[in-house]
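Structure assessment
Okay, here's what each chain looks like letter by letter:
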Amino acid sequence: MAVGVFDLFSIGIGPSSSHTVGPMRAAAVFAGELKSSGKLESVASLRVDLYGSLAATGHGHGTMTAVLLGLEGYHPDLILPDEVEERLASIAETGTLQLAGSVPLPYGVNDMVLRPLTILPRHTNGMTFTVTDAEGEVLHSATFFSVGGGFIVREGEEDAAQQELEESKKELPLPFRTAAELLGRCQSKGLSIADIMLVNERASRSEEDIRKGLLHIYSVMEGCVEVSLKREGLLPGGLKVRRRAPDWHERLLKEGRDHGSDYRDPKYWQEWVNLIALAVNEENASGGRVVTAPTNGAAGIIPAVLYYALHFAPGMDQATQEDRDDVVVKFLLTAGAVGVLYKEQASISGAEVGCQGEVGSASSMAAAGLAEVMGGTPAQVENAAEIAMEHNLGLTCDPIGGLVQVPCIERNAIAAAKAINAAKMALWGDGSHRVSLDEVIVTMRETGKDMSSKYKETAMGGLAVNVVEC
């Protein structure tokens, strides 16, 4: 199917969409196929091979445990944090995996084969699942690639998947692949970018379901923040990174307490934006429930900028709940349209193009969403998206210890502020600008190709090697 807003904003668990959500999804697909084939009861042994970036930073990104959960039949959008903790504790204690939820099999994290220096042709995030019977005969085997944002592709089906994508796009009322095409649609139809995206989404679901679905997505974002603000102490993983969001939240509430519990002092708008971004990404680093936006590593940017739109944009202090819901829907539709451009023309995978593909894409999407809900024309919205990405070009992915913590958490807050500034700059212009969004997207893709692999989610360069972990 053509990439839509609910593909770019999907519910999963942290800390990584490409290293946690994608592998869990692939393992669940493999387990489901095995179950439907009728060969499940004959399985005597299992082998999981992880390649490239999945092997290099898999421990810090929760890849191995995500694979175990997927092999048990759990899907990232349905499993709850309590279930994650319960099942992983059981597997660790018993050393036994419930394959496809029904066949006990001795298997754990340490049984996986890691091949960090082996890069499969399609993508650096490769994984192969193989099961054999008691005689050693292969019953089922499949190789998948986690290509960013939780998206997976099966080896050997890349061309078919691309063809299916192209065919499904033909069924859209107003298809687009480039920003130029998107702006052309807006001009010819007299519609906004959000309207164009809505028309296309209506090809597969009702407008009521679209609205309900997007509001649910935002409610999960809000829930993520609420849970994070109740947690204290250190983040897991050994870096001893202290959670800051709860203390920051208390300080901000104290600053506004004299004005009433719901008051948000405008002079602290950036502190609130920082808080939301930090809270989401601290929860993501904890393996909590988040929304890929469009990835887990960049999950805090869009919620933070949308929070700004709902609390600090002009006129929102007088807005009704319906008005606020309209802002959420319009913002996410616009951000989704820009996300489609990155997914179609470049990549949202840090392991493929560096953090510019994750944080950069999210910042660009957020800038577009904010410009749209603040009354920007399609040209101004495109300009906002371009400005945000232009100043994230070349951003490397070099997480310390392979954990989605440093520099990832703060990077979300910085990128959220960039998105807000980009939107404001675009709105002070008339939409005309020298560099187009399409040119920036192509530049991001080419920069990613040229970037050394050690700066693409391998923990082999940059901060990952120059900062002492303990």
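Residues numbered from 1 in each chain as written. Predicted model: local features only at pLDDT ≥ 70, side-chain atom pairs only at ≥ 80, totals over all residues. Heavy atoms only, no water.

**Details of the nonpolar core**
Defined as follows: Among buried residues, the Ala, Val, Leu, Ile, Met, Phe, Trp, Tyr and Cys ones that are joined through side-chain atoms within 4.5 Å form a nonpolar core. Think of it in three bands: residues with accessible area under 20% of the maximum for their type are buried, residues over 50% are exposed, and the middle band is partly exposed, with areas taken using a 1.4 Å probe on protein chains only. We count a stretch as a helix when DSSP gives it H or I for four or more residues in a row; a strand needs E for two or more, and each element gets its number in order from the N terminus. Start and end points for every domain follow an automatic or database-based domain assignment. Only heavy atoms enter the contact rule, under which two residues are in contact if any of them lie within 4.5 Å.
One finds Phe9, Ile301, Ile302, Val305, Leu306, Phe331 and Leu332 to be the most contacted residues of the largest nonpolar core, which totals 103 residues. It is helix 13 (residues 321-345) that contributes the most residues to this core, twelve residues altogether. Here this core spans two domains, and each of domain 1 (15-159) and domain 2 (173-455) adds at least three residues to it. Those residues within four positions of Leu306 in sequence are excluded, and the remaining contacts are Tyr218, Val327, Val328, Phe331 and Leu332. In terms of nonpolar packing, the next biggest core, distinct from the first, is built from 30 residues, Met64, Val67, Leu97 and Tyr107 among them.

**Examining the layout of surface pockets**
Stated formally: Definitions used throughout: a 1 Å grid over protein atoms alone; a cavity as a set of points that fits a 1.4 Å probe which cannot get out; a pocket as an open set with protein on both sides within 12 Å along at least five of seven lines; a lining residue as one with an atom within 4 Å of a point. Grid points are joined across faces, edges and corners, and a volume is the space filled by probe spheres set on the points. Polar here means any residue other than Ala, Val, Leu, Ile, Met, Phe, Trp, Tyr, Cys and Pro, which are nonpolar, and Asp, Glu, Lys and Arg, which are charged; Gly is therefore polar.
Its volume calculated, the second largest pocket comes out at about 500 Å³. In terms of lining, the second largest pocket is formed by 27 residues, of which the most central are Gly14, Pro15, Thr65, Ser286 and Gly287. Of all the secondary-structure elements, those providing two or more residues to the lining of the second largest pocket are helix 3 (52-61), helix 4 (63-71) and helix 5 (81-94). Counted by class, the lining of the second largest pocket contains twelve nonpolar, 13 polar and two charged residues. Taken together, domain 1 (15-159) and domain 2 (173-455) each give at least three residues to the lining of the second largest pocket, which thus spans both.

**Some points on the UniProt feature "domain: Serine dehydratase beta chain" (unreviewed entry) in the chain**
Stated formally: UniProt positions are given in the numbering used here, feature names are shortened, and annotations may be inferred rather than shown by experiment.
Residues annotated in UniProt with the feature "domain: Serine dehydratase beta chain" (unreviewed entry) correspond here to residues 5-156. Across residues 5-156, the secondary structure splits into 38% helix and 29% strand, with the terminal C-alpha atoms separated by 27 Å.

**Looking at the packing of helix 9 (residues 207-228) against helix 13**
Test applied: Fitting a line to C-alpha atoms yields each axis, with helices limited to the stretch in contact; the angle taken between N-to-C directions then spans 0 to 180 degrees. Roughly parallel means an angle under 35 degrees; roughly antiparallel, over 145; roughly perpendicular, 65 to 115; everything else is oblique.
Viewed as axis vectors pointing N to C, helix 9 and helix 13 meet at an angle of 95 degrees, and their least axial separation amounts to 9 Å. One element, helix 9, and the other, helix 13, form an angle in the roughly perpendicular class. Across the interface between the two elements, Ile210, Arg211, Leu214, Leu215, Ile217, Tyr218 and Met221 of helix 9 pack against Glu322, Asp325, Asp326, Val328, Val329, Leu332 and Leu333 of helix 13. When grouped by side-chain class, the residues that make up the contact of helix 9 with helix 13 number ten nonpolar, no polar and four charged.

**Things to note about the pairing of strand 8 (residues 151-154)**
Stated precisely, the cut-off is as follows: Here a strand pair is declared whenever DSSP counts at least two bridges between the two strands.
In this structure, strand 7 (residues 138-148) lies alongside strand 8, joined through four bridges in antiparallel fashion. Counterpart to Ser146 in the pairing with strand 8 is Ile152. If you look at the hairpin formed by strand 7 and strand 8, you'll find two residues sitting between the two strands, and Gly149 has a positive phi there, around 70 degrees.

**Topic: the side chain of Glu72**
Position of Glu72 relative to the elements: it lies in the loop between helix 4 and helix 5. Among residues more than four places away in sequence, those in contact with Glu72 are Arg87, Ile91, Leu97, Gln98, Ala100 and Gly101.

**Quick notes on the sheet that holds strand 5 (residues 113-115)**
Judged by pairing direction, the sheet is mixed, and its five strands sit side by side in the order 5-2-6-7-8 without closing on themselves. Each edge of the sheet is formed by a strand with only one pairing partner; in this case those strands are strand 5 and strand 8. Strand-to-strand twist of the sheet, defined as the mean angle between neighbouring strand axes without regard to direction, takes the value 20 degrees. Summarising the sheet, strand 2 (residues 45-51) and strand 6 (residues 126-132) pair through six bridges and their orientation is antiparallel. Its bridge partner being in strand 6, Leu50 is matched across the sheet by Met127. The sheet strands contacting helix 2 (residues 17-37) are strand 6, strand 7 and strand 8, and the helix crosses strand 7 at an angle near 155 degrees. Across the sheet, helix 4 is in contact with strand 2, strand 5 and strand 6; its angle to strand 2 comes to roughly 140 degrees.

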